[in-house]
Amino acid sequence: MAHERTRAHDNIERDEAATVRRAQLGSAKAFDELVRTRGPDLYRYLLLRLRNESDARDALQETITDAWKNLPKLRQPENCWPWLMTIAKRKAIAIARKRPKVVDLDLDLFARPDESALEVWDAIARLRPIHREILTLRYLLGLSEREAAQVLGIRVGAVKTRSFVARQALKELLA
Amino acid sequence: MNPHDEMDEGRVDDALESLRRSLPTPTTDELQGIADAAKQQPRSIARRPIASRWSRPVLAGVAIITLLIGSTLGFGLASALTPSGTAAGNPIGLGFLPEPGWDVLQTGADVTRDQRVIAMASNRAFAPDDAARNLRYSSGLPYATLLALPKNGIVIVVSFTTTNRLTTPSDLYPARDLPLSLREASPWAGIGAQVRPERPLGQYLLRASMDAYNVELQIYFGTLRPSPEMVEAAQRQVDRLSVNARAKSTAVHSRALPLRTSSVRATAASRILDRTFVCSATYVGGAYTIEGRGHSGTGRVAGAWGRPPFAAVETGAAANGGPRNPTILDNSLVWITAGRPSATATLVEGSVLSDLYRTRLWGTLAVNTDLCRNAKKQIQLASRGLRGGALGSFEESSKCFTPRRVFMRVRAVLSSPAVLRRFRDFGRTTVPVREATFVIQTEAGKRLVYGEVFESGRARLFTARDCFPS
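Residues numbered from 1 in each chain as written. Chains lettered and ligands numbered in written order. Predicted model: local features only at pLDDT ≥ 70, side-chain atom pairs only at ≥ 80, totals over all residues. Heavy atoms only, no water.

*Asks:* Report on the side chain of B:Thr337, specifying residues and quantitative values.
*Replies:* Residues and elements named next belong to chain B. Note on placement: Thr-337 falls in strand β15 (residues 332–337). Taking the relative accessible area as the measure of exposure, Thr-337 reaches 2% and is therefore buried. Polar side-chain contacts of Thr-337 include one of 2.8 Å to the backbone oxygen of Thr-364. Ignoring anything within four residues of it in the chain, the contact list for Thr-337 reads Pro-308, Pro-309, Phe-310, Leu-347, Thr-359, Thr-364, Val-433 and Val-453. (Helix = DSSP H or I, 4+ residues; strand = E, 2+ residues; numbered from the N terminus. Buried < 20%, exposed > 50% of the residue type's maximum accessible area, 1.4 Å probe, protein only. Polar contact = N/O pair within 3.5 Å; in protein donor to acceptor, adjacent residues only side chain to side chain. Contact = heavy atoms within 4.5 Å.)

Below you can see the structure in the form of structure tokens.
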């Protein structure tokens, strides 16, 4: 299922490069389209990372604002998605630094309360941060290995290794 | 992988998917709000790509070495002698920030002597073709969008050029400051300027000089008579024009209205063409001259004239014209023909170049847009006080000394509705003409040349008494 989602993202990317080029020229409508397409996943990522809806919304607004400001500088439009994720990651880090160290997950956070989802969330929360991050990027947001490597600033081989270890760890926690 | 492992892998995927589905996401409206808020922020300017031959570390090394050498050679001394200060912030540069619901496009950000910057905004989505091609490579006008512009559509195109271009007289661009006011815009219905003659657009032009730029705004409304709401909407977008991040105010209404009304007759396609121009005569041997010439029609076969009745006025020497390759016709202020020209009919006779100047290509009626512009002056179409009469089949011509500025009126009955479309340095129509007349007079009202042609082949030419045969 995760692989199907990855393929779907690949298809989006092909159209997305053209949209990004138009947005780089200043097309407001193209930018809107980009936000509509990528906004939900960016928000999920920020939510998983910050564990707080209010912070996630702030981070999303800052991410989108930075994207608008700096989009003309993006040299490879086809790399827009990992580029957005990198901005989001930095915003999440900045917001996390400013707030109290411990933030409890708000259970109302889930749109459709689901026992198994909470169980998975609990398991993921117990993973090492690098494994939590790779699972989020690869399997929840559907980034390819190359894109995840770009966001995390590591080699593709390291992404493969971390993914494998993270899945094994999650499997054990869910057993 | 054994079946047990596969089952576990499937369970992990399912678990992750269930978590993904459970996470809330912002609604489309919320995302739109986030995007709109982001778009209120100024944008960075795209940098030109660095040649890939040199890697960044190499460039950085070169920069460091240059700085070291430079500092030893006197950067320190120069900086000590130079007054210090803080440069003004320039976060936006040139272009439009979009109003909510507007689409904006822009070419690069750097104006050079050879390259202008064009920015455009529309309350409709730009046609993909305009975004991909025209903006970058062609005239800079979003033609596809303009041709399909609905009645309530608005397109604003702004071009920035440097003020030191030799080709733009400074009086064309009066000094203005932001925010620009649409009420100062002029209806723009020059020869061949109407983009969509069959359903004319409301076209307005506003020029300004500011911050070392010549700024030209072209405002297109989907209708000739835009409503006050449309004009105010356009003004709000014009308010978001940035020229090096200058400040703007918010008093939209007072700066937008009233908008000057456009002349329908001047822009809409019509069978009657009646226009008045003011033209610049050019000189030969130190004297401004115009020359009227013409002949009657000959060689009519199957309703088409091999040599249609013809009358024209030229000024100065041939090929004195504009920025393009000069042509023999460049010094013609106007020419008129009548009847349907044959495929081989030409405007230039007895020359090896005759074939290049086919009447069907260069126009059955044309006015020089390089030397003439629209004017408002009452001019009577009459030959009273002039000398001349019917022309024969051999060309006759007469030359007159003239002031530098002359007024010209051209009236024609066309075989089908048409407008003068731009072709090289002329506004011309290729529609066959039933009858056409022109008269040229001085600013003081002294008639100089009168010419007329008829579908029947008849042509008449009259010139002032002090003109002389040439």
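*Asks:* Can you explain the state of the cysteines? Please cite residues and give values.
*Replies:* All names here are of chain B. Counted under the stated rule, the structure contains two disulfides over all chains. For Cys-279, the disulfide goes to Cys-372, at an S-S distance of 2.1 Å. As the torsion about the S-S bond is roughly 110 degrees, the Cys-279-Cys-372 disulfide counts as right-handed. Residue Cys-279 is found in strand β9 (residues 270–280), and its partner Cys-372 is found in strand β18 (residues 372–374); the two are separated by 93 residues along the sequence. No difference in accessibility class separates Cys-279 from Cys-372, as the two residues are buried. With a sulfur-sulfur separation of 1.9 Å, Cys-400 is cross-linked through a disulfide to Cys-467. The sign of the S-S torsion, about 110 degrees, decides the handedness of the disulfide formed by Cys-400 and Cys-467: right-handed. (Disulfide = S-S within 2.5 Å.)

*Asks:* So what about the sheet that holds strand β13 (residues 304–307) of chain B? Which residues, and what values?
*Replies:* Pairing between sheet strands relies on hydrogen bonds along the backbone, with the strands arranged either parallel or antiparallel. Residues and elements named next belong to chain B. The strand order β12-β13-β16 describes an open sheet built from three strands, whose pairing is mixed. Single-partner strands in this sheet number two, and they are β12 (298–301) and β16 (340–341). Two elements, β12 and β13, share three bridges in a ladder whose sense is antiparallel. Bridge pairing in β13 places Val-301 opposite Ala-304. (Pairing = 2+ DSSP bridges.)

*Asks:* Could you give me a rundown of the sheet that holds strand β7 (residues 213–221) of chain B, with the residues and numbers involved?
*Replies:* All names here are of chain B. On the basis of which strands lie adjacent, the open sheet formed by six strands has the order β2-β3-β4-β7-β6-β5 and antiparallel pairing. What marks the edges here is a single partner per strand, and that holds for β2 (103–106) and β5 (186–187). With four bridges joining them, β2 and strand β3 (residues 117–122) adopt antiparallel strand pairing. Among the inter-strand pairings, Val-104 is bridged to a residue of β3, identified as Ala-121. Each of β2, β3, β4 (154–162) and β7 is contacted by helix α6 (residues 228–239), which is oriented at about 35 degrees to β4, the strand it contacts most. (Axes fitted to C-alpha atoms, helices over the stretch in contact; angles between N-to-C directions.)

*Asks:* Which residues make up the packing of helix α2 (residues 28–50) of chain A against helix α4 (residues 80–98) of chain A, and what are the values?
*Replies:* Residues and elements named next belong to chain A. At a closest axis distance of 10 Å, the pairing of α2 and α4 adopts a crossing angle of 35 degrees. Pair α2 / α4 crosses with right-handed handedness. Of the residues in α4, those in contact with Leu-34, Arg-38, Asp-41, Leu-42, Tyr-45, Leu-46, Arg-49 and Leu-50 of α2 are Cys-80, Trp-81, Leu-84, Met-85, Ala-88, Lys-89, Ala-92, Ile-93, Ile-95 and Ala-96. Of the residues contributing to the contact of α2 with α4, the split by class is 14 nonpolar, no polar and four charged. (Left-handed = near helix turned anticlockwise from the far one by under 90°. Nonpolar A, V, L, I, M, F, W, Y, C, P; charged D, E, K, R; others polar.)

*Asks:* Break down empty space enclosed by the protein for me, with residues and values.
*Replies:* Where empty space is left in the structure can be found by rolling a water-sized probe over the atoms. Residues and elements named next belong to chain A. Counting across every chain of the model gives three cavities of 30 Å³ or more. Surrounding the second largest cavity, Phe-31, Leu-34, Val-35, Arg-38, Gly-39, Leu-42, Ile-64, Ala-67 and Leu-84 form its lining. Breaking the lining of the second largest cavity down by element, the ones donating at least two residues are α2 and α3 (53–70). Of the residues belonging to the lining of the second largest cavity, the class tally is seven nonpolar, one polar and one charged. (1 Å grid on protein atoms, 1.4 Å probe; cavity = no way out; pocket = protein on both sides within 12 Å on 5 of 7 lines; lining within 4 Å. Points joined across faces, edges and corners; volume = space filled by probe spheres on them.)

*Asks:* Which residues make up the packing of aromatic side chains, and what values go with them?
*Replies:* All names here are of chain B. Overall, the coordinates contain eight aromatic pairs over all chains when judged by the stated rule. For the pair Trp-362 and Phe-423, a centre-to-centre distance of 5.1 Å together with 90 degrees between the ring planes defines the contact as edge-to-face. Taken together, the residues span a long stretch of sequence, with Trp-362 in helix α9 (residues 359–362) and Phe-423 in strand β22 (residues 421–423) at a distance of 61 residues. Across the pair, Phe-423 and Trp-362 agree in class, each one buried. (Phe/Tyr/Trp six-rings, centres within 6.5 Å; stacked < 30°, edge-to-face > 60°.)

*Asks:* Give me α3(A): which residues, what numbers.
*Replies:* Taking 1.5 Å of rise per residue, 18 residues should cover 26 Å, and α3(A) covers 25 Å from first to last C-alpha, within 8% of that figure. Listed in full, the buried residues belonging to α3(A) are A:Asp55, A:Ala56, A:Ala59, A:Leu60, A:Thr63, A:Ile64, A:Thr65, A:Ala67 and A:Trp68. On its buried face, α3(A) is in contact with α2 and α4 of chain A together with α2 (28–39) of chain B. (Expected span 1.5 Å × (residues − 1).)

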